[in-house]
Amino acid sequence: MAQRKVLPYLFISPFFILYGIFGLYPLISGMVMSLQKKEAFVGFSNYQKVLTDGRFWKAIGNAALYTCGSVFIILPVALGAALMLNSAFMGKKKGFMSTVFFIPNVTSVIVAGIVFQYILKANGGILNEILLSLGIIQKNIRFLNDPNWAVVSIVIMGTWRYFGVNSLYFLSGLQSISPDLGEAARIDGANAWQEFWRIKFPLLKPIMIYVVFTAITGSFSIFGEVYTLVGAGSTGARDSMLYPVIYLYNTMFRDNKMNEAATMGYVLAVLLLVITSIQRFIMRDKDEN
Amino acid sequence: MNLKKFRMLAFVLSLAMVFTMLSACGGDSGSSSEASGNTSESSVTSEAVSEDTASEESGEELVMEESNVNIWAFAEPHGNYFEWVTAEYTKQHPEVTFGIQMMDTTAMNDRLAVIISAGGEGTPDLIDVEQGQFPRYMNEDKMFFEPLSERMEADGIFEKMVETRLSLYSYKGTYYGLEHALCPTTMAYRPDLFEKAGVEVPTTWDEFMAAAEQLKEQGIYIAASGDVTAGSYDDVEVYLTASGNQIVKEDGTPFIVENQALKDLLDDVLYLQKSGMILPIEVDADRWNAMAEDKVATYYTPDWAAGWLRDNVPEQSGQWKQTYLPKYDANSARTSARGGTGLCMSSFTKKDKDVLWDFMKFAMVDTDNVVKKYEMINLYPPVYEAMPLCNGPVEYYGDQVLGELYTELAPEMPAQNQAAWRSRFGESLKSYAYDWGEGNMTTDELLEYVQADVEDYIAELG
């Protein structure tokens, strides 16, 4: 009888032990650290310091800009790719193309960073060469040094890296929509755009919520792409390549300010919670309407 | 299998899993070598855990206890040397074996930061520390390394090695490491390109500027350097160090706004770059490609980078020579110091520190071994006795004996001052350099902004 009482708990205990050690403990430990300075309790003074730090808000501003790029550029490109994959035109090539689209996502960020340095560099960079030869620009653009182009550079790399995986999410959403709905709409005289905008797009909302949510959280957590493009020890011209996790990393590892870094982590988490709550509320509101 | 037996088996397996996880997560304060992920080929013997003894100070013969020493290094050539020198040491002291773990320098220092926070859990015993990373530890709470001043004094290290190279790994008057290389920075040059332009090889900065104009007429860049308008600062720093105008004063305070040499050099390099006399490089390949096309006449190189030309433009073997660095002003040295790596001992190690120190001397000070290091990986030793022995001709530089040049320059080697805020200086310069390069701010304004950032940083460090 005793065994019967203990056994179920024992079976589920591995998850709780792992979660306790690798999830809960760091969470609580991080919270405690954010309230300390050199192991002495200092209340919320670290939070006050972080919230009044101009560079922290600069990093948040850069991340917000990149988030706009993610949501309004990367995701539409991914949706376009998904629509293409879902079209009858693709036929048997759908599987192959999906794999091709997914490759950037599994490519090492270090390799991608090096390749994009060559693509984006001002003198002899592939992108500059193309734009010059097409007559779109008259003078080389310093993508990685000009603060006005910094976020564009990151969005270009992000588009290449993440449109594939997002297009697969959209594709799974599109495939779950019954073809009968489209057929009925076409019988009623709807054109391709109306079919997409009135039928498919609204039905993609559940997937859309998830994809937008991950795009926002991913954008605020961006690290590898920026770090490899600008290199260690740089945050770009006018701090244009200073992103929250880069700043947190430098604070923790370069400046050895562990308590401040933990505080930044918590502020960032709360900020993301607020943003995603707003996003979910807006989407839910539209749904209800 | 009936249900009862199945439940019993599941019960036992779950129990085993829980205990395995709990034991895996438990601390192990005594044995750090295996926990640190030793990837060495060296065999592992039982560990010595005896604390530091005073055998050397008391003049008694050092008695080695069985020990497995873990070394962390970041540069492949250093790793190769350690493989060789540890094997030699083990031949003489079979009770001491070694494990060498290679990793990226940033990753290594990040791991050390975590180890400090964890109270030393998982520490290596000896660490190769790149000089640019040392300032991360220049803080009483974060100093990872064992003070070595007393041992160095007792063993006459300051008489045997170039002291300016040791001060790179010092903090508040205490020394923490032994330097691998002298790192004399000289100027490699192409005699044929200077001849083509009808200009003498420059011996001063003014001659360098004048030569740049003449070389440009032949379509030749005098140098290919990091883009100064992106905040690349290495070449400017070479001349500042040689002229005794470093941004870090001896006492560790900043020398930025009032630093006239810094201001003039930034202006000169910006002029050379904007006038097409210096090729600004964005990726290393830009430099090597331009060199391969015979478009670059000079290259500042410390000893550890002398082989990079050979590796990247091998077809130009015999076409390059090395000479003194052009003097920035009358008081400048004819050489500068760039880079450096020191072997340091972890203060958290549980191994016998006498054994570790004995090995450090064997690897970094012993004449035969450091000469062998020069032959293996081109690191010119900062050990006086070994210098004249590093006199082999170097084929790539037309059989020039680089060792003779380095030996001649050794007494002029300037010190490299260290400060915890050095990385903030670089970051800040990169942040403002674009606007400076675009003409949106003057050099004075640039340096004022940078100084302000550095002072804020220092204030935060307390």
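Quick caveat: nothing in here was measured; it's all calculated off a predicted structure.

Caption draft 1: Up close: unusual backbone geometry. Residues and elements named next belong to chain B. With a phi close to 50 degrees, K172 is a non-glycine residue in the positive phi region. Mapped onto the elements, K172 comes out in the loop between β4 (170-171) and β5 (174-175). Of note, D399 is a non-glycine position whose phi angle comes to about 60 degrees, a positive value. Structurally, D399 can be placed in the loop between α14 (367-377) and α15 (402-409). Taking the relative accessible area as the measure of exposure, D399 reaches 48% and is therefore partly exposed.

Caption draft 2: Geometry of the packing of aromatic side chains. Residue and element names in this part refer to chain B. This structure, assessed with the given rule, holds 44 aromatic pairs over all chains. Ring geometry for F134 versus F145: centroids 6.1 Å apart, planes at 15 degrees, classification stacked. Residue F134 is located in the loop between β3 (126-130) and α4 (149-154), and its partner F145 is located in the loop between β3 and α4; the two are separated by 11 residues in the primary sequence. As far as burial versus exposure is concerned, F134 and F145 are alike and both buried.

Caption draft 3: Summary view of the sheet that holds strand β2 (residues 96-102) of chain B. Residues and elements named next belong to chain B. Across the sheet, which stays open at both edges, the five strands sit in the order β2-β1-β3-β13-β6 with mixed pairing between neighbours. Each having just a single partner strand, β2 and β6 (177-179) make up the two edges of the open sheet. Ignoring strand direction, the axes of neighbouring strands in this sheet form an average angle of 25 degrees. As paired elements, β3 and strand β13 (residues 341-345) share five bridges and run antiparallel to each other. Bridge assignment links V129 to a residue of β13, and that residue is G342. Its contacts with the sheet place helix α3 (residues 105-117) against β1 (67-73), β2 and β3, and it is angled at close to 125 degrees to β1.

Caption draft 4: Inspection of helix α2 (residues 76-92) of chain B at higher detail. Residue and element names in this part refer to chain B. If you check α2, its first and last C-alpha atoms are 25 Å apart, about what 17 residues at 1.5 Å a residue would give, namely 24 Å. For α2, the set of buried residues is H78, G79, Y81, F82, V85, T86 and Y89. Looking straight down α2, one finds that the buried residues subtend no more than 155 degrees of arc, so they occupy a single side. Turned more than 90 degrees away from the buried face of α2 sit E76 and K91, all of them exposed.

Caption draft 5: Focus on the interface of chain A and chain B. Contacts between chain A and chain B engage 40 residues on the former and 37 residues on the latter. Interface area, chain A with chain B, both sides summed: about 3,500 Å², of which 55% is carbon and sulfur. At the junction of chain A with chain B, the criterion picks out seven salt bridges. Across the pair D286 of chain B and K121 of chain A runs a salt bridge whose closest N-O atoms are separated by 2.8 Å.

Caption draft 6: Broad picture of the domain arrangement of chain B. Residue and element names in this part refer to chain B. Taken as a whole, chain B is organised into domain 1 (67-182 + 339-389) and domain 2 (184-337 + 415-461). A straight line from the C-alpha centre of domain 1 to that of domain 2 covers 29 Å. With 15 residues of domain 1 at the interface, the matching set in domain 2 holds 12 residues. At the boundary of domain 1 with domain 2, total buried surface from both sides reaches about 1,200 Å², with 50% on carbon and sulfur atoms. Between domain 1 and domain 2 we count zero salt bridges in total. Linking domain 1 with domain 2 are five residue pairs in polar contact (both at pLDDT 80 or more), by the criterion used here.

Calculation criteria
Residues numbered from 1 in each chain as written. Chains lettered and ligands numbered in written order. Predicted model: local features only at pLDDT ≥ 70, side-chain atom pairs only at ≥ 80, totals over all residues. Heavy atoms only, no water. Helix = DSSP H or I, 4+ residues; strand = E, 2+ residues; numbered from the N terminus. Buried < 20%, exposed > 50% of the residue type's maximum accessible area, 1.4 Å probe, protein only. Phe/Tyr/Trp six-rings, centres within 6.5 Å; stacked < 30°, edge-to-face > 60°. Pairing = 2+ DSSP bridges. Axes fitted to C-alpha atoms, helices over the stretch in contact; angles between N-to-C directions. Contact = heavy atoms within 4.5 Å. Expected span 1.5 Å × (residues − 1). Arc of directions from axis to C-beta. Buried area = accessible area lost by both parts, 1.4 Å probe. Salt bridge = Lys/Arg side-chain N within 4 Å of Asp/Glu carboxyl O. Domains from an automatic or database assignment. Polar contact = N/O pair within 3.5 Å; in protein donor to acceptor, adjacent residues only side chain to side chain.

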